[in-house]
Structure formats: structure tokens, C-alpha cells
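Each chain, written out:
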Amino acid sequence: MKAMSTVAKTAADISTRFANLRENSGFLRKNLHLLAIWPLGALFLIAVGWSGLFVHLKNERLQAELHALEQASALARGYAGHLERTIRSMDQILLHVRYEWLLSKGSLRLETIRESGLFPVASLGNIAIMDRNGTLVTSAIPDVKKVNVSSTSYFTAQENSAGDALFIGPSFYSSISGRNIIPISRKLSAPGGSFDGIVVLGMVPDYFTADYDETTLGKAGLQAVAGADNGIWVSRIGSTVYQSQAPALTALPFFESASGSKLLDGNEWFIDKRTRYLGWAQLGGYQAYALTGLDQEQALAPYQARRDTSINSAIWATIALMVFTLIAMALSLRLAWRKNQLDLTHATYRLATEEGLEGFYIARPVRDRDATAVDFEVVDANHRGAEFFRERREELIGARVSTLYAGANPERLLEWLSQAMEKGFFEGDVEIPGNSPLTIRWAHLRIVRSDDNLAITLTDITASKAHVEELERRSNEDELTRLPNRHWARAYLPRAVRHAEEQHSMLGILYVDLDGFKKINDTMGHAVGDEVLRNTARRLRDAVRPHDHVVRLGGDEFIIIIEQIEQSQDAAHVAERVVHAFREGFRLINGVHTLGASIGISIFPVDGRDAETLLQKADIAMYSVKTSGKGAYRFYDQKFYDALRARLAQESDLRQAIAQDQFIMYYQPRVDLETGAVSSMEALVRWQHPVRGLIAPLEFIPLAEESGLILGLGEMVIEKVCMQLAQWGQRSEQLLPVSVNVSSRQFNETDVAAILTQALARHNVEPRLIEVELTESLMMGGEAEVTSALTAIRRMGMTLLVDDFGTGYSSLSQLQRLEFDVLKVDRAFTEEIDRTEQGKVFFTAIITMAHALGMRVVAEGVENERQILILKSLHCDEIQGYYISRPFPPSEMQAVHRPELPKV
């Protein structure tokens, strides 16, 4: 294809030359021999070459066919030798069996001696003896029906034979072996010499072609065995074996000699219509022929491949010669018209440069006595190029660079021109100085050396550079606040750190996060939030030093990069001004709103030596401000970071513990003061840590609350308690209710009623056996939602308890409205009843209030006998604490024993 493309291009070139020659017909007639001699010579060479090639190919085919005929004849002779040995071994078997038959006087039984290995395996054939009437006497195949073969050709041939000859017949279907066989038989004679029967060996036809070699004969080769007077016994083409009834050859050809070969047309002689070189050889001592055939297409395949390669090579050589001829013709014309072509090219070039937007110049070096280029002279230019210098073209031609740059510095341009003279090429985008005679700001300069001249192209790229600068500005600037953005900081901060390191100075990063911005943005809308961020940007710019950089990272997060500081206190001064800038409220649509700023500070090189580390540590310092009051600044503190990492590690452990179910339940009883009986049990969760052992709830419940893991943990506790009640219920009919603690977050963020319903149904536990303990902080939630959820739980038949009463913000009206059943007084009040009179009075008031509301009172944290006596006197209903029982793991039976209480 490439060659053809070259031919087409050359032809087009010739056409162009002819068009140019029309005006000078005299010159064309004078030089016609330049056009004629090349194609005539090429045609002569092509004719001689192709003639020689076809003669050579014809001779080579004859040699290939002779070789195929010789190979077919040789293969037939080899195959005949193999068949002679095969038939001879089979004849030996027949003679041996006949001898044994005569020795045994007709008592030989082939069925019993088959195992001796004398006969071929059953898959290859069978041997049998027939009596003078053609009836089967014995066979190597046991349990064969008696058959009569007196009408078969192999029986009648032996019956009518005067001598003792081996008979081989064509294949036929044998009812004895149940398949096609080729019969090989000898005559049995009685003691008087009369015909007494035959011994026959029936071989499967495949056996005679089993040594078919595809490597030698090919996939379409032929093997066959034919009798001299009774047709084809067996034939095979490739892997297909044909029986004598439908052989691979449609007829048996005439054999002129005992062995030989010939070419047979496929349409006339073969069932698969493929032409073959057939070789034959007569079997010595037998009236049979061995046939082998080589497929003509496969036998001549090597010749055909060589022929195709030769023809293809000749075609490409012809094309190459034609291309060479065309090129030679074109070169001849080109040499004749060189001067005219150069003139035309120069005129066309001039027209193209004048129409373009680029400035074109031809410059020639001006050399000193040492042949060093010290200046360059403009020898040609287009009008556009002259306009760039505010000159007319005629005035620019002949001027030197040093003259054009009078009053300016031409050293950079002279350096580029000298570099192009030395290396042959220079290209690049250059910014034009303000004092340059050129009228453009940015140019793409391309200089190419041609002999001792320089071809210079100058393209004005001022507009595209301005566009790129604008895109860079937009990519580095926050659209809302017009501050540098995160992308800019990622590029600038590493450079600032390197500069500080080189100058052995300090650098500070202030990480600023607004306090209360989310509330304003969510409640008043994004438009108001955007106005707050714009005002924040102005306040931050006003608060920092002129050379500091304020960057908006995103959302309400900013950083301030403070360079050239001598001590950490310099960063603190800037942070103080930022904090002070936010003390004045923001005037918004619906009034004045006050926002604060939490600031974390990291210092190079104290807190880190790379930008990423400094940003991370400033962020951590800001987080420490957020967690300790907000509206202030703080330097990075490794201790806080370690504590934060420890908290994150513990949170990860807790998350994994919930996923792997590392929690167990303990139970602490509540006792009725009046009866002394256990009235209920509180379920308390413990963390069975694989390394630290058993962990008390105070160490992980607050973390679970903060991280939200309390939701999954609380659901797990409900599941475990219901499962435990179900297990106790299988061993006892009397069960005490068990109270489960539900946190405010779990109650507000999940459907506790649904979770309880599903767990009770799953374990078939009665709702009366579950009590729900809720803290006072729950009452601070939405009134309607809390009331609805508590009503759903109460309707299920469960008891509601207020846990740790006295530590929250509940009121009498809330307790009355929410209709709790039990009030559990915090242990802090229980500890005071036997210490101060005030504590006793306060507890009395709680009991009186609760009873007035119809609620039972449980005193938590009871630890001594005196407290019990006082609580009895105050008519407290129930008690719970270490004095009664410490929390204990579950046993097989629910612990309902009655503890010994002091008497009043």
C-alpha cells in the first residue's frame, strides 16, 4: 500500500510538471526522450523477468510431481511388505490351528485355548472351524449360534480348490462376530485327502490400515488393499475407513506392472473428488495389491507456497521498478526545470507569508575577523514581521539586530540566534520585555538554520497566554471569597517550606474554623452563609500582615500562612488579631449574629518539616480548641495528639468489639424493702476485651455515646437480655423482670419500641419481664416524639423507670406528663442520707413527690446497714447497691434468693 501511495504521489507530481510545461512546448519536444527511455527500458526488463519466472516455475512443478509419484510408489512397496508380513503371520496361525485340529482328531475347541494368546484379541478378529457342510464347529468367540457358511465365497473357493492355497476374500458382515471382516481361510482335508471343511480367520478391515501415518501420507492420503480378481478389500482416506461394499476408490485402475504409480483424477476415481498420486505394489505370493495415495494439493503445497512467494516477489519487484521509473522520470524533469521551480516556489512562499499572521524573517550572521557571529542582519521579511517592529518592510530589510534594539538589551535574542546557528534549531515561548521594539508581549519564537542563514518565525501568542493566565488564576482562586484556594496552597506551601528551610527561618500555619457557621447556613440559607464567608475573608485579610497569605480550603475552613517569623509568639499575635476580629457581630438579614473562630497553630520546623505534616498538626491543634470551648487559639500539643490517637484507637477497638460480640451481661438485683424479696434485676453490660480482660461500662459507655456506637451496642444488650430470659424460662416458671438501660441518643435516633418488639418475639419473652430505664436528659427532647415513643412501650406491657434521678433537668410537670412507673434516685443522694440532715430531708422530698405521682422509688448505691434503716423509715420502696449484691454473671437459674435485711 505504501508503494502504491508513492506511485500516486509521483504521478500527481508529474501531472503538475506537465501543467507547468504547457507554456514551453518546444522544450518539451526536445526532451521527450527523457520521458520515453525510462518506461521502455522498464517494460523490457519486466517482460524478460516474468518470462524467466514462468519457465522456472513450470520446471519446478514437473520436479515436484515426479517426486510425488516416486514417493507414492515407494510408500506402496513399503505398505506391500508390511501386508505380506501381516498375512504371513495370519497364515501361520491358520496352519497351526489346522495342525492342532488334525492332532486332536477333530476334538479341538477354540473356545478354551483363546486365553493362551495364540489368537488375535477379540477387537481385531476371530478364528473358527467349519465342517465339510459349512456348519460352525468351534470358534474363539464363545457362545456363538451355529451358523452355516457353505454359500460364502471363501468356503466355496476352498471346497472347489484342488490344492492347498490360502484364500483372502473381500470384507463382508459376519453374523458370528457381529461386524465386517476380511476372511482368510485354508482347507481341512480328511485322512483320505477329501475336503473336510475349512479353518478361517476373520480380521476386521481396520487392522490392515491401522498403521496409517498422517505425517507421511497427510490428512487426505489413501491406503487400500485390493484383490487381483475380487475388488477392493478395504480402503482408508485420512481417519475414515471404507468397507469393500463402498470403497474410497470408485473403481480399481489397471495396473501395468507389479508396482508403479500414476496420477488419478479425483472426479473420476475417488469418492471425495480429490486428485491423488496413486502408488501400487503386488504382494509377493498373494493375488493382492497394496495401494497408497498422496493428495495432489498437499503433495504440491511446498511448491505452491514457493510459487506464491516468487510471484508476490515478482509483483513487488515490478512495482518497485515502476516506482523507480516514475521517480527517475520525475527527477529528470525536475533537473530540467530546477531554476523555474525555484522561482515559482519563491513567489508562492512570498504570497503565503504575506497572507499569514506570523512574522517571517531571514537573518544572516555578521561575523568578526575570527568568524564569530557578533550580530545578525535581516535579509528578508514579510509585512507582518515588519509591523511587529513598527517598521516598513523595505526599511526592516538590511537592518541589524543591534540597531533595531538600540536603547534596549538585545543579548537574549542574540543568544537564541547564536544557539540556532550552533545547534541548527531553537524554539520556545518568550516574554517580550517592556523596552523591546516589538509591539507584542508574548511570542512563540522558532528559528531554523538553513545553510548559513536563519529562518525565523514569530507568532503573537499574547492572547492565548492571557487566556492561560486567566485559567490558572481561576484554578488557584476561590470563586466566592476571591482568596487563594486549596489547589494554590498545595502548590505554594511546599515552596514556602523549602524557602524557610533555606533561609533558616520559621514559618507558621494558622488553621481557622468558624464556630456556629453551620447553624447559620442551615437555618438562614446558603445565600446568607455565602455572605458570612465573604465577610470572613475580608476580616481575615485585615487581621493579618501584608505579606501573609489567607487561603480558603473549603466550607468554613481557612488557613493563614505566616512567613518570615522569628519566634512562635509572632504567630500567636496574628492569631490574637484574628480572634479579636470575630468579636464584632455579623450584620445579617434577620439581625446581628456573632461567630467565633477556633484556630490551631503549627510551626516549622518545630512541628514538622513538610507541608502535609504542618497542615495536619495545625488541624489537630484546631480540633483541640473545638473540644475545649472554641473561640480561641492553641499551638499544636503532642499530648493532645496522643490522647486523640488513643481515643480513635479505643473507638476502633469498640467498633470491632461490637462487630465480634465481645460483650457479656451482668445482673444486679433490686430488693423490696417491705418484703425483703428480690423484685427485679438490672442488666449491666461488660466488655470482655481479649487483651485487657473485663472492662467496666464507665470506660466505654461515654465513648460509645459520643461516637454513635451506642446505637448498635444498645440493640445488642436488648438482644442478649431477651435471650437470657428465654434460657431462664426453660428452667424455671417463675421469672423476675429485668431492666435494660436505654441511652437518650439510642432512644432519639432509633425506634426502641420496634427493637424491643422484635427481640421479644424472636425469643418468645413476655413484655412484662422487660423494664426500660431512661435518663432524665431524655425529657429535654421533642415533647411529642418522646410521649409517643413512651406510650408505645407502655402499651406493650413494659415498666418505665427514670434512672439516676436528680442529675438531670426534669421537672414535676414532665414526670407527671410522661407517666413513669419507677423513680431511681441517683447514688449521690443515697450517700448523703446517713451523713447530713439536709440529705435526709432532700431524699424525703423526692419520695413524697414520687408517691404523690404514683411512682415507686428505688434508692441506688446502698452500701451500708444504716442507709437501709433510714430508707425504711422514709418509706422507700426498693433498694439496689453493693450492700445487697454486686453485679454477677448469669447462672443456669435466675437468682431470686431473699437477702437478709436489718430490722427497724
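Conventions adopted
- Residues numbered from 1 in each chain as written.
- Predicted model: local features only at pLDDT ≥ 70, side-chain atom pairs only at ≥ 80, totals over all residues.
- Heavy atoms only, no water.
- Buried < 20%, exposed > 50% of the residue type's maximum accessible area, 1.4 Å probe, protein only.
- Helix = DSSP H or I, 4+ residues; strand = E, 2+ residues; numbered from the N terminus.
- Pairing = 2+ DSSP bridges.
- Salt bridge = Lys/Arg side-chain N within 4 Å of Asp/Glu carboxyl O.
- Axes fitted to C-alpha atoms, helices over the stretch in contact; angles between N-to-C directions.
- Contact = heavy atoms within 4.5 Å.
- Core = buried A, V, L, I, M, F, W, Y, C linked by side-chain atoms within 4.5 Å.
- Parallel < 35°, antiparallel > 145°, perpendicular 65-115°, else oblique.
- Nonpolar A, V, L, I, M, F, W, Y, C, P; charged D, E, K, R; others polar.

**Q** Pulling in residues and values, what's your account of the pairing of strand S8 (residues 232–237)?
**A** With six of six residues buried, S8 is to be regarded as a mostly interior element. Bridge analysis of strand S7 (residues 222–227) against S8 gives five bridges, and the strand direction is antiparallel. Each bridged residue has a counterpart across the sheet, and for Ala226 the counterpart in S8 is Ile232. Two successive antiparallel strands, S8 and strand S9 (residues 240–243), enclose a turn made up of two residues, where Gly238 displays a positive phi of approximately 60 degrees.

**Q** So, the pattern of salt bridges: which residues are in play, and what are the values?
**A** Where charged atoms from two side chains of opposite charge approach closely, those side chains can pair. This structure, assessed with the given rule, holds 40 salt bridges. The residue Glu531 makes a salt bridge to Arg534 at a minimum N-O spacing of 3.1 Å. With Glu531 and Arg534 both in helix H18 (residues 526–543), this residue pair falls three residues apart, about one helical turn. The exposure class assigned to Glu531 is partly exposed, which follows from its relative accessible area of 30%. Note that Arg692 is salt-bridged to Glu699, the shortest N-O span being 2.8 Å. The class for Glu699 is partly exposed, based on a relative accessible area of 42%. Overlapping salt bridges bring together Arg670, Asp672, Glu771, Arg856 and Glu878 as one network.

**Q** I'd like a rundown of the sheet that holds strand S18 (residues 506–515), residues and numbers included.
**A** Spatially, S19-S20-S18-S23-S24 is the arrangement adopted by the five strands of the open sheet, whose pairing is mixed. At either end of the open sheet lies a strand with only one pairing partner, and these are strand S19 (549–554) and strand S24 (633–635). Between one strand and the next, the sheet's axes are offset by a mean angle of 20 degrees, whatever the strand orientation. Examined bridge by bridge, S19 and strand S20 (residues 557–565) share five bridges and lie antiparallel to one another. Pairing of Gly554 across the sheet is with Glu557, part of S20. Of the strands in this sheet, S18, S19, S20 and strand S23 (596–604) touch helix H16 (residues 486–503), which is tilted by about 140 degrees from S19. Where H18 meets the sheet, it contacts S18, S19 and S20, and its direction lies at approximately 10 degrees from that of S20.

**Q** Go over the nonpolar core with me, naming the residues and quoting the values.
**A** Formed by 76 residues in total, the largest nonpolar core has its most connected members in Phe663 and Val721. At ten residues, the largest contribution of residues to this core is made by helix H23 (residues 710–731). Not counting residues up to four positions away in its chain, the partners in contact with Val721 are Met665, Tyr667, Ala683, Val738, Val740 and Ile770.

**Q** Pulling in residues and values, what's your account of the packing of H16 against helix H20 (residues 611–626)?
**A** Where H16 meets H20, the closest approach of the two axes is 9 Å, and the angle between their N-to-C directions is 105 degrees. Relative to H20, the element H16 is oriented roughly perpendicular. Together, Leu493, Pro494 and Val497 of H16 and Ala611, Leu614 and Leu615 of H20 make up the contact between the two elements. Within the contact of H16 with H20, the residues separate by chemical class into six nonpolar, no polar and no charged.

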